[in-house]
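# Descriptive analysis of the structure
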Amino acid sequence: MAKDCVPELLARATEELEAEFRELPPSGEPLSLAGMEWVLEAVAHRLRDNYPYFHPLYAGQMLKPPHPLARAAYALAMKINPNNHALDGGRASSAMEVEAVKEIAGMFGWNEFLGHLTSSGTIANLEALWMAGQMAPGRRIVGSEQAHYTHQRISGVLKLEFASIEVDERGRMSLEALEDELRKGDVGTVVATLGTTAMGAVDALDEILKLKERYGFRVHVDAAYGGYFGLIAEALEEPARRAYAVIGQADSIVIDPHKHGLQPYGCGCVLFRDPAVGQLYKHDSPATYFTSKELHLGQISLECSRAGAAAVALWATQKLLPLVPGGALAQGLAKGRRAAVELDRRVRGDARFDGLAAGGPELDIAVWALRAATPEEASERAQKVFDACALRGLHLALVQLPRSLFRIGFGPRDSMEKGSGDMTCLRSVLMKPEHEAWMGEIWERLSAACGEVVGT
Ligand SMILES: *Cc1c(COP(=O)(O)O)cnc(C)c1O
């Protein structure tokens, strides 16, 4: 592990913070470090039972280490442990949340809006669909088959009917299938995913907005994973670029700073284009302090207690790395995307593998299949290559994808069934900037592991 700069950063800032409260009389029991030391050592040993998420050889699931500054700011805020459920629970951290969220909304071109942080993308989506249900009571929610699985579950919680729309050969929501649903006349909200979790597909938001003009519905954009890619739109392919160009026309947007925003877990964000939705949150908790005149965070969120430290970490990160095209955060995203494109290129040049038939990664997720005589064998091989990679210290992910997305044919029986059904594939989320420089090493290990499994 590289030397950690957080303790040093934190030590100095902690002294500054303590000095801010120097007028207080001393309080609290003296603590014995000895008791804590061995426990913390035990924690260090227990934590070894993890994949090395922080290292570029971890190239599997959607995991990215928080920025050291975010960790330091979060830990510093822990001295206070503010609660952003209400202004009086954490005045400074609430103000920092308002500022940080405004910067995120600005990335989508929004000035007047309503929005706040949440504990996660799931809770942010729950809140967006809760609003959607109130704006269009009794009407259905639709999203693609590749939309995050929680949309269906959330709709169930909200007692709203949810329908899945099939995807096209790129894993994007099929516009024909969507229009078929819209013709039924009872769709209240379309969930467009800008960056699906499994393969990073970008739904054609521009086309969905055209359908909105004809059929009338709310558009919720789930950009929990993909939201920041608007900063490098010029590095994306044309269809994705068109979708990001109109993201500001959505009615609501969800983005997860704890995915691509370099934050520790516990940081999602929901934004509504029309601030008037604030009226729908009305509640009168006797325990929530209402001393401020403005709508405060506790009045515009579904959750009550929420980590103020998450807002502090986000604020600090965005001060260092502003959300602007060409900035360091954007450059980091571009590196991960180039890594995914490069991995896809190598996969396509190797007879043992098969890339998606319709084209390479739209964002920074690469998916590919193993060539074999039958889909069952291809699935089995993917599992074995995954295991063999892990033994070589390279951690990839597995994903179930429709066979129809791949070119490989599996003989007459399969073509009779039109290649329907899912197949196990390999997946790599290349979301760390270092992944670009490590691609040679990643490929060597993958290639060797595959050689061991298929014998070539
Ligand atoms: C990760 C993700 C979610 C869920 O967010 P959590 O923060 O994990 O709760 C929702 N939608 C998409 C597209 C995601 O990638």
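Residues numbered from 1 in each chain as written. Predicted model: local features only at pLDDT ≥ 70, side-chain atom pairs only at ≥ 80, totals over all residues. Heavy atoms only, no water.

On to the domain arrangement of the chain. As a measure of interface size, the accessible area lost when the parts come together is often cited. In terms of domain boundaries, the chain breaks down into domain 1 (91-320) and domain 2 (328-410 + 417-454). Relative placement of domain 1 and domain 2: their C-alpha centres are 29 Å apart. When the two sides are added together, the surface that domain 1 and domain 2 hide from each other amounts to roughly 2100 Å², 66% of it contributed by carbon and sulfur. When the buried area of domain 1 at its contact with domain 2 is split by residue, Arg170, Met199 and His260 rank highest and sum to 28% of it. On the surface where domain 1 and domain 2 come into contact, there are one salt bridge. Here domain 1 and domain 2 share nine residue pairs in polar contact (both at pLDDT 80 or more) between them. (Domains from an automatic or database assignment. Buried area = accessible area lost by both parts, 1.4 Å probe. Salt bridge = Lys/Arg side-chain N within 4 Å of Asp/Glu carboxyl O. Polar contact = N/O pair within 3.5 Å; in protein donor to acceptor, adjacent residues only side chain to side chain.)

What follows concerns the environment of Asp88. Structurally, the position occupied by Asp88 is in the loop between α3 (68-77) and α4 (91-107). Under the relative-accessibility criterion, Asp88 is labelled partly exposed at 36%. (Helix = DSSP H or I, 4+ residues; strand = E, 2+ residues; numbered from the N terminus. Buried < 20%, exposed > 50% of the residue type's maximum accessible area, 1.4 Å probe, protein only.)

The subject of this paragraph is the side chain of Glu97. By the secondary structure assignment, Glu97 is in helix α4. Residue classification places Glu97 among the buried positions, given a relative accessible area of 0%. A polar contact is formed between the side chain of Glu97 and the side chain of Asn84, at a distance of 2.8 Å. At a separation of 2.9 Å, a polar atom in the side chain of Glu97 contacts the main-chain amide nitrogen of Leu117. The contacts of Glu97, once residues within four sequence positions are left out, are Asn84, His116, Leu117, Leu297, Arg306 and Ala311. (Contact = heavy atoms within 4.5 Å.)

Evaluated as defined, the whole model comprises six aromatic pairs. Here Tyr51 and Tyr53 contribute two aromatic rings whose centre-to-centre distance is 6.4 Å and whose plane-to-plane angle is 75°, an arrangement assigned as edge-to-face. Using a relative accessible area of 45% as the deciding quantity, one classes Tyr51 as partly exposed. What makes Tyr53 partly exposed here is its relative accessible area of 28%. Measuring from centroid to centroid gives 6.2 Å for Tyr51 and Tyr58, while their planes differ by 35°, and the two rings are tilted. Among the aromatic residues, those joined into a cluster by ring pairs are Tyr51, Tyr53 and Tyr58. One Lys or Arg, Lys319, reaches over the ring of Trp315 and ends 5.0 Å from the middle of that ring. (Phe/Tyr/Trp six-rings, centres within 6.5 Å; stacked < 30°, edge-to-face > 60°. Lys NZ or Arg CZ within 6 Å of the ring centre and 35° of its normal.)

Around the ligand sit 14 residues, and of these Thr122, Asp222, Asp256, His258 and Lys259 come closest. The separation between an oxygen atom of the ligand and a polar side-chain atom of His258 is 2.7 Å. Protein chains shield 88% of the accessible area of the ligand, which is 380 Å² for the free molecule. Put simply, the parts of the chain that give the shell around the ligand at least two residues each are α5 (121-135) and α10 (257-260). With three residues, the top contributor of residues to the shell around the ligand is α5. (Near = heavy atom within 4 Å. Areas by Shrake-Rupley, 256 points an atom, 1.4 Å probe, with all protein chains shown as cover.)

Our focus in this paragraph is the environment of Met96. Considering the arrangement of structural elements, one finds Met96 in helix α4. Between the C-alpha atoms of Met96 and Ala313, which are 217 residues apart in sequence, the distance is 9.3 Å. Contacts of Met96, omitting those with residues within four sequence positions, involve Val312 and Trp315.

Glancing now at the sheet that holds strand β5 (residues 218-222). With mixed pairing, the seven strands of this open sheet are ordered in space as β1-β7-β6-β5-β4-β2-β3. Unpaired on one side and paired on the other, β1 (114-118) and β3 (162-165) mark the two borders of the sheet. Across this sheet, the average inter-strand angle for adjacent strands is 20°, counted without regard to direction. Where strand β2 (residues 140-144) lies against β3, four bridges are found, and the strand directions are parallel. Following the sheet pairing, Gly143 is matched in β3 by Ser164. (Pairing = 2+ DSSP bridges. Axes fitted to C-alpha atoms, helices over the stretch in contact; angles between N-to-C directions.)

Ile104, Leu205 and Val221 are the most contacted members of the largest nonpolar core, which totals 77 residues. A per-element tally of this core places α4 first, with five residues. Taken domain by domain, this core gets at least three of its residues from each of domain 1 (91-320) and domain 2 (328-410 + 417-454). With residues up to four places along the chain from it excluded, the contact list for Ile104 reads Tyr228, Ile255, Pro257, Cys269, Leu271, Leu314, Gln318 and Leu323. Within the second largest apolar cluster, 24 residues are counted, among which are Ala340, Leu343, Leu394 and Cys450. (Core = buried A, V, L, I, M, F, W, Y, C linked by side-chain atoms within 4.5 Å.)

Attention now goes to the sheet that holds strand β9 (residues 365-370). Taken in spatial order, the four strands line up as β8-β9-β11-β10 in an open sheet, and their pairing is antiparallel. Of all the strands in the sheet, just β8 (353-355) and β10 (397-402) have a single pairing partner and so form its edges. Ignoring strand direction, the axes of neighbouring strands in this sheet form an average angle of 45°. Here β10 runs beside strand β11 (residues 422-429); their pairing, made up of six bridges, is antiparallel. Residue pairing for β11: Leu398 is matched across the bridge by Leu426. Sheet strands touched by helix α12 (residues 328-348): β8, β9 and β11. Its angle to β9, the strand with the most contacts, is close to 15°. Its contacts with the sheet put helix α15 (residues 439-454) on β8, β9 and β11, and the angle it makes with β8 is roughly 125°.

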